[in-house]
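# Examining the three-dimensional arrangement
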Amino acid sequence: MPSFLDDISAFYGTGEKNAAGQTLEEFLEEYDPYKYKNPCCTTDAVVFSAGKGLDEKLEGLKVLMVRRSNHPSIGCWALPGGFVDLRENLEDTARRELEEETGVKGIAVEQFACYGDFCRDPRARVITSAYMALVDEESVKVHAGDDAADAAWCSLSLEETLREEDDEWITSGYRLLLVNDEKGISTTATIIKKERKGLIREKKYTVTDRGMTAVDHAAIITQAVEILKSRVHG
């Protein structure tokens, strides 16, 4: 199979042959990228609006959600996102999917997490890169498109309901509420976060009750809110 890239000059290394006596060109010619089953890659975007600004309590914070028109999680509210094209950078996917599903475009995005539990999607092994953005709701026009049945700004609140600590782990529980009265949205999700103490802060957010949010998107939103709050608090 020919090289995936037109220009392979950056990959010659020392220029020597491998143990099979192959040059880089010969190795790539025989390489089969489909020898093993590969996971699929997606992006999901947590787009916040804070109205006139953010205070320490993040009052007035909203998140942009889309209603899924197809399986899986049909009818549920999800983050704008979708599959990465083969020759597309992740940031470009996040921006493209956001524009296709909500009409929002031309904004700065920041990658903040990767969610990859093998059981997170029934279609295939899907790993998603999570992005976040902060915009003025009045400066963007939102309309549903592509495979989104609807798009809406939802007011959100995040309440800590549990905190336990031992010598190794901190366990926190959260209640996430998303509301949009005009669209008839009022859904609650519960999330558990486990964080290992020490210099290496192993951290995992898990949804224990999705409500009408899709997949693990309530966990992704919760993590993004925590990052935003930590920056506002300085």
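For the structure itself, consult the block above.
The structure contained in this document is the topic of the report that follows. Not measured: the values here are computed from a predicted model. (Residues numbered from 1 in each chain as written. Predicted model: local features only at pLDDT ≥ 70, side-chain atom pairs only at ≥ 80, totals over all residues. Heavy atoms only, no water.)

## A word on the overall build of the protein
The following threshold applies: A helix here means a DSSP run of H or I that spans at least four residues, while a strand means a run of E at least two residues long, and both kinds are numbered starting from the N terminus. Relative accessibility thresholds used throughout: buried, under 20% of the residue-type maximum; exposed, over 50%; partly exposed, between the two (1.4 Å probe, protein chains only).
Along the backbone of the protein there are three helices and 10 strands. Overall, the protein shows an N-to-C arrangement of helices and strands of α-β-β-β-β-α-β-β-β-β-β-β-α. Expressed along its principal axes, the backbone C-alpha trace of the protein runs to roughly 65 × 50 × 35 Å. Among the 234 residues that make up the protein, the fraction classed as buried is 41%.

## Examining helix H3 (residues 217-233)
We apply this condition: A helix is expected to span 1.5 Å for every residue after the first.
With 17 residues, H3 should reach 24 Å at 1.5 Å per residue; the first-to-last C-alpha distance of 24 Å fits that figure. Every buried residue of H3 is listed here: His217, Ala218, Ala219, Ile220, Ile221, Thr222, Gln223, Ala224, Val225, Ile227 and Leu228.

## Focus on a nonpolar patch on the surface
The test is simple: Think of a patch as exposed residues, more than 30% relative accessible area, with no salt bridge, where like charges cluster within 9 Å and nonpolar side chains (Val, Leu, Ile, Met, Phe, Trp, Tyr) cluster within 5 Å. Note on areas: Shrake-Rupley, 1.4 Å probe, and residue coverage restricted to the protein chains presented here. Whenever Lys or Arg places a side-chain nitrogen within 4 Å of a carboxyl oxygen from Asp or Glu, that contact is recorded as a salt bridge.
Taken together, the side chains of Phe4, Leu5, Phe11 and Leu86 present a nonpolar region at the surface, about 440 Å² in accessible area. Among the secondary structure elements, leucine 5 is positioned in the segment before helix H1 (24-30).

## Focus: the pattern of salt bridges
Here the idea is simple: oppositely charged side chains can pair when their charged atoms come close. In this structure the tally under the stated criterion is 17 salt bridges. Between glutamate 110 and arginine 231 there is a salt bridge; the shortest N-O distance is 2.7 Å. Of this pair, glutamate 110 sits in strand E5 (residues 110-115) while arginine 231 is found in helix H3, placing the two residues 121 residues apart along the sequence. With a relative accessible area of 32%, glutamate 110 lands in the partly exposed category. Between lysine 193 and glutamate 226 there is a salt bridge, with its nearest N and O atoms 3.1 Å apart. In this pair, lysine 193 is assigned in strand E9 (residues 185-196) and glutamate 226 in helix H3, connecting sequence segments 33 residues apart. A residue is classified by how much of its surface remains accessible, and lysine 193, at 7% relative accessible area, is buried. Through salt bridges with shared partners, a single network forms among Asp85, Glu88, Arg96, Glu97 and Glu100.

## Re a negative patch on the surface
Test applied: Positive charges come from Lys and Arg alone, negative charges from Asp and Glu alone, with His and the N- and C-terminal ends not counted. In this description, the location of a charge corresponds to atom NZ of lysine, CZ of arginine, CG of aspartate or CD of glutamate.
A cluster of like negative charges, contributed by Glu25, Glu26, Glu29 and Glu30, occupies part of the molecular surface. Looking at the secondary structure, you find glutamate 30 in helix H1.

## Concerning the pairing of strand E10 (residues 203-209)
Note the threshold: When DSSP finds at least two bridges between two strands, those strands are taken to pair.
Sheet topology places E9 next to E10; six bridges connect them, and they run antiparallel. The residue of E10 that forms the bridge with threonine 190 is aspartate 209. The turn linking E9 back onto E10 is made up of six residues, and glycine 198 within it adopts a positive phi angle of 110 degrees.

## A word on the packing of aromatic side chains
Threshold: Two rings belonging to Phe, Tyr or Trp (six-membered ring only in the last case) form a pair when the distance between their centres is within 6.5 Å. Interplanar angles under 30 degrees mark stacking, angles over 60 mark edge-to-face geometry, and anything in between is tilted. For a lysine, the NZ atom is tested; for an arginine, the CZ atom; a charge sits over a ring if that atom is within 6 Å of the ring centre and within 35 degrees of the ring normal.
Scanning all chains against the criterion turns up one aromatic pair. Arranged with centres 5.6 Å apart and planes meeting at 40 degrees, the rings of phenylalanine 27 and tyrosine 31 form a pair that is tilted. Classification of phenylalanine 27 by relative accessible area gives partly exposed; the value is 35%. Against the face of phenylalanine 4 rests arginine 87, its NZ or CZ located 4.3 Å from the ring centre.

## Considerations on the pairing of strand E8 (residues 169-180)
Extensive coverage of E8 is indicated by the burial of nine of its 12 residues. Of the strand pairs in this sheet, strand E7 (residues 148-165) and E8 are connected by 10 bridges, and their pairing is antiparallel. Counterpart to glutamate 164 in the pairing with E8 is threonine 171. Count of turn residues in the E7/E8 antiparallel hairpin: three residues. In this structure, E8 lies alongside E9, joined through 12 bridges in antiparallel fashion. Bridge pairing in E9 links leucine 177 to threonine 188.

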